[in-house]
Protein chains: 2
Amino acid sequence: MTLAAGIDVGGTKCLGVVIDLDRDNVGERDIVRQLRHPTPHASELVDALVDMASELGEVDSIAVGVPGLITLEGVMRASPNIPGSVDVAVGPELTARLGRRVHVDNDGNLAALAEWRYGAGRGARNMWMVTLGTGIGGGHVLNGVVQRGVNGFAGEIGHTVVNPDGPRCTCGRKGCWEVYASGRGLGMLASGEPGESVIHRAREGDADAITVLEAFSRWVAIGLSNITNVSDPDVIVIGGGVSEAADVLMPMVRRWFVETLYSPEQRTHPDLRVAQLGEHAGAIGAALLPMFAS
Amino acid sequence: MTLAAGIDVGGTKCLGVVIDLDRDNVGERDIVRQLRHPTPHASELVDALVDMASELGEVDSIAVGVPGLITLEGVMRASPNIPGSVDVAVGPELTARLGRRVHVDNDGNLAALAEWRYGAGRGARNMWMVTLGTGIGGGHVLNGVVQRGVNGFAGEIGHTVVNPDGPRCTCGRKGCWEVYASGRGLGMLASGEPGESVIHRAREGDADAITVLEAFSRWVAIGLSNITNVSDPDVIVIGGGVSEAADVLMPMVRRWFVETLYSPEQRTHPDLRVAQLGEHAGAIGAALLPMFAS
């Protein structure tokens, strides 16, 4: 057994897992140990992570995923969903406190790595993953390598602008893809009705709810076709809370995808697949990170 | 001397060059031979290219750039600006007719390769180039490798949607980046006045013309910041006819870029550079292709 710990820091909770890297397959049921704690203020984040590392027990490696802009050195430059998160040196501080190298990367990158290694993206040569949760995370695994960009900030597909005069995003700009194609976006398109409720009504055949989901699916598809026009991937994995409504949403998303893609009849389309690792994708990806980090 | 011929097929003309690959630097003045012919109907394209290859004389290699969706095998699947261009096997037919392997790639990819090797992108690790001409071409050179995607269709940044309810694009969809940030887009934003005339008036200080260029520069910047959010490059090279007005446009584009980029104060920005190889970039990139093709 090669035990690897991964901790995924979310906006509300931190999820830690231990997995066995010697297994060829790791799903949500193959997690050796796991625990969760509320996410503290950024000033207490490193302390909380040190405690979690200790609680996770003896392991061969430990790594962490955090949302937002993370430098190649593991410094959290900014994270809209974690108060006080400007310039927190998560990686360097954890490395010093734990006396071992602790890799830190963006949570969207790590979810992509996990789905590529163990989930819906297995076998893909050029895979994008989008995590449609409260906001949107993104990650790109090309020839087995997570694409981090020159600062570490690649994959921020949620903040690409798809409607420059649209509503304001949490990032301060207007009309980011995240404004429309996230859980928050679904609530906005439903005039404040919770996403779960709209989806429930659509499953029952309610015409108004279906209209809302069609509008939402069109926005989701616009981002996916933009990714395809830029990267021409073989697989796009769709994860996050929104993917739990894949039964109603994916047929709509696939239809709109063809409408919005450049020259759809002249190309092989990427496989649009639903994520398989659920809420554990980020933590499992963190556990994988030391094996894949350069 | 290692003589390499490259032919760039454009919407109106085909430009052929021969360069010496043994030189460390090749600029527009270092072209050994060049010629240009009008672009024929797609059904006569291969014949015309065979003739041009013969006119370019004895060389060590020959390769071709064409606009549109080009497969990894060099088949032109579709090219909106070349009539009849569906499924023309340019690469395989030229290889058979000339009795030597002839590589064919997308013109945007090749312009990017040329600027990376000899022009404004020298030294970049993660470089995007956008060619803002009549339409928009794009190319991505990552660690010295042109990113073609799994079908060969990567880099089509011009057809990413930035305003889904905007005016119709030549590709049939609505609100592609090309609708706004191309030469054609500038004409549209100027209510039909030619781009050159607007730029001339702006240089003279005309307030209305400056307002038009500000709107245009904002659209250019939106695409550049979208690229940055996705790929986090160190350099973006801006080429095409539009770049000839860099003196008035670039200061505006740089200002809007900061407005539209996610978390601009928390990151190192990519260098926004003006292309150096002018209209020869595509043909020089084609000449380079055999050296870089896998």
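On a predicted model such as this, the values are computed, not experimentally measured, just so you know. (Residues numbered from 1 in each chain as written. Chains lettered and ligands numbered in written order. Predicted model: local features only at pLDDT ≥ 70, side-chain atom pairs only at ≥ 80, totals over all residues. Heavy atoms only, no water.)

**Here we look at the overall build of chain A**
Phase 1 of the analysis: Each helix and strand counted, chain A has nine helices and twelve strands in total.
Phase 2 of the analysis: Expected size for 294 residues packed as a compact globule is a radius of gyration near 19 Å; at 19 Å, chain A falls within 12% of this value.
Phase 3 of the analysis: Summarising its shape, the C-alpha atoms of chain A cover approximately 55 × 40 × 35 Å along the three principal directions.
Phase 4 of the analysis: By the burial criterion, 63% of the 294 residues in chain A qualify as buried.
Phase 5 of the analysis: Restricting the contact set of chain A to residue pairs at least 6 apart, pairs at least 24 apart contribute 64%.
Phase 6 of the analysis: For chain A, the accessible surface area stands at approximately 11000 Å², while carbon and sulfur atoms represent 49% of it.
Phase 7 of the analysis: Of the charged side chains in chain A, 24 are positive and 35 negative; the average position of the first set lies 3 Å away from that of the second. (Helix = DSSP H or I, 4+ residues; strand = E, 2+ residues; numbered from the N terminus. Rg over C-alpha atoms; globule rule 2.2 N^0.38 Å. Buried < 20%, exposed > 50% of the residue type's maximum accessible area, 1.4 Å probe, protein only. Contact = heavy atoms within 4.5 Å. Areas by Shrake-Rupley, 256 points an atom, 1.4 Å probe, with all protein chains shown as cover. Lys, Arg positive; Asp, Glu negative; His and termini not counted. Charge placed at Lys NZ, Arg CZ, Asp CG, Glu CD.)

**Looking at the packing of aromatic side chains**
Residues and elements named next belong to chain B.
Phase 1 of the analysis: Following the criterion strictly, the structure yields four aromatic pairs over all chains and no others.
Phase 2 of the analysis: Ring geometry for Trp116 versus Phe292: centroids 5.8 Å apart, planes at 85°, classification edge-to-face. Residue Trp116 is found in helix α3 (residues 107-118), and its partner Phe292 is found in helix α9 (residues 281-292); the two are separated by 176 residues along the sequence.
Phase 3 of the analysis: Under the relative-accessibility criterion, Trp116 is labelled buried at 17%.
Phase 4 of the analysis: Summarising the aromatic geometry, the rings of Tyr180 and Trp219 are spaced 3.7 Å apart at their centres and angled 10° between planes, so their arrangement reads as stacked. (Phe/Tyr/Trp six-rings, centres within 6.5 Å; stacked < 30°, edge-to-face > 60°.)

**Let's talk about the interface of chain B and chain A**
Phase 1 of the analysis: On the chain A side, the residues contacting the 52 residues of chain B number 52 residues.
Phase 2 of the analysis: When the two sides are added together, the surface that chain B and chain A hide from each other amounts to roughly 4000 Å², 54% of it contributed by carbon and sulfur.
Phase 3 of the analysis: Between chain B and chain A we count two salt bridges in total.
Phase 4 of the analysis: In this structure, Arg218 of chain A engages Asp165 of chain B in a salt bridge whose closest nitrogen and oxygen atoms are separated by 3.1 Å.
Phase 5 of the analysis: For the interface between chain B and chain A, the tally reads 30 residue pairs in polar contact (both at pLDDT 80 or more).
Phase 6 of the analysis: Looking at the side of chain B that touches chain A, the elements that each hand over two or more residues are β6 (76-78), β8 (126-132), α7 (207-231) and α8 (246-260) of chain B.
Phase 7 of the analysis: It is α7 of chain B that provides the largest number of residues to the side of chain B that touches chain A, a total of seven residues.
Phase 8 of the analysis: Here the residues of the side of chain B that touches chain A are counted per class, giving 22 nonpolar, 17 polar and 13 charged. (Buried area = accessible area lost by both parts, 1.4 Å probe. Salt bridge = Lys/Arg side-chain N within 4 Å of Asp/Glu carboxyl O. Polar contact = N/O pair within 3.5 Å; in protein donor to acceptor, adjacent residues only side chain to side chain. Nonpolar A, V, L, I, M, F, W, Y, C, P; charged D, E, K, R; others polar.)

**Side note on the relation of the copies chain B and chain A**
Phase 1 of the analysis: Note on the copies: chain B fits chain A at an RMSD of 0.0 Å, the axial shift is 0.0 Å, and the rotation between them is 180°. These values place the two chain copies in the arrangement generated by a two-fold rotation axis. For chain B, the minimum C-alpha distance to the rotation axis belongs to Val162 of chain B and amounts to 2.1 Å. (Least-squares fit on C-alpha atoms with pLDDT ≥ 70 in both.)

**Points about the domain arrangement of chain A**
Size of an interface: often given as the accessible area lost when the parts come together.
All names here are of chain A.
Phase 1 of the analysis: Considered domain by domain, chain A is made up of domain 1 (3-111 + 279-292) and domain 2 (124-275).
Phase 2 of the analysis: Using C-alpha coordinates to define each centre, domain 1 is positioned 25 Å away from domain 2.
Phase 3 of the analysis: Facing the 14 residues of domain 1 at the interface are 16 residues of domain 2.
Phase 4 of the analysis: Summed over both sides, the interface between domain 1 and domain 2 buries roughly 1200 Å², with carbon and sulfur atoms accounting for 51% of that surface.
Phase 5 of the analysis: Per-residue buried area on domain 1 facing domain 2 is highest for Leu69, Leu72 and Asn109; these three make up 42% of the total on that side.
Phase 6 of the analysis: Among the salt bridges present, the one from Arg148 reaches Asp105, with a minimum N-O distance of 3.2 Å.
Phase 7 of the analysis: Here domain 1 and domain 2 share three residue pairs in polar contact (both at pLDDT 80 or more) between them.
Phase 8 of the analysis: Of all the secondary-structure elements, those providing two or more residues to the side of domain 1 that touches domain 2 are β5 (69-70), β7 (103-106) and α3 (107-118). (Domains from an automatic or database assignment.)

**Here we look at helix α1 (residues 45-55) of chain A**
Residues and elements named next belong to chain A.
Phase 1 of the analysis: For α1, the full list of buried residues reads Leu45, Val46, Leu49, Val50, Met52 and Ala53. Angular distribution of buried residues about the axis of α1 spans 165°; they occupy a single face of the element.
Phase 2 of the analysis: Contacts from the buried residues of α1 go to β1 (3-9), β2 (13-20), β3 (33-38), β4 (61-66), β6 (76-78) and α2 (90-98).
Phase 3 of the analysis: Just beyond α1, the residue with positive phi is Gly57, at close to 85°. (Arc of directions from axis to C-beta.)

**Some remarks on the sheet that holds strand β1 (residues 3-9) of chain B**
Pairing between the strands of a sheet is mediated by backbone hydrogen bonds and can be parallel or antiparallel.
Residue and element names in this part refer to chain B.
Phase 1 of the analysis: One open sheet holds the five strands; their spatial order is β3-β2-β1-β4-β7, and the pairing between them is mixed. Each edge of the open sheet carries a strand with a single partner, namely β3 (33-38) and β7 (103-106). Between one strand axis and the next, the sheet turns through 20° on average, direction left out of account.
Phase 2 of the analysis: The pairing of strand β2 (residues 13-20) with β3 spans six bridges and is antiparallel. Directly across from Gly16, in β3, lies its bridge partner Leu35.
Phase 3 of the analysis: The sheet contacts of helix α1 (residues 45-55) involve β1, β2, β3 and β4 (61-66), and relative to β1 the element is tilted by about 150°.
Phase 4 of the analysis: Packing against the sheet, α3 makes contact with β1, β2, β4 and β7, and its axis sits at approximately 95° to β7. (Pairing = 2+ DSSP bridges. Axes fitted to C-alpha atoms, helices over the stretch in contact; angles between N-to-C directions.)

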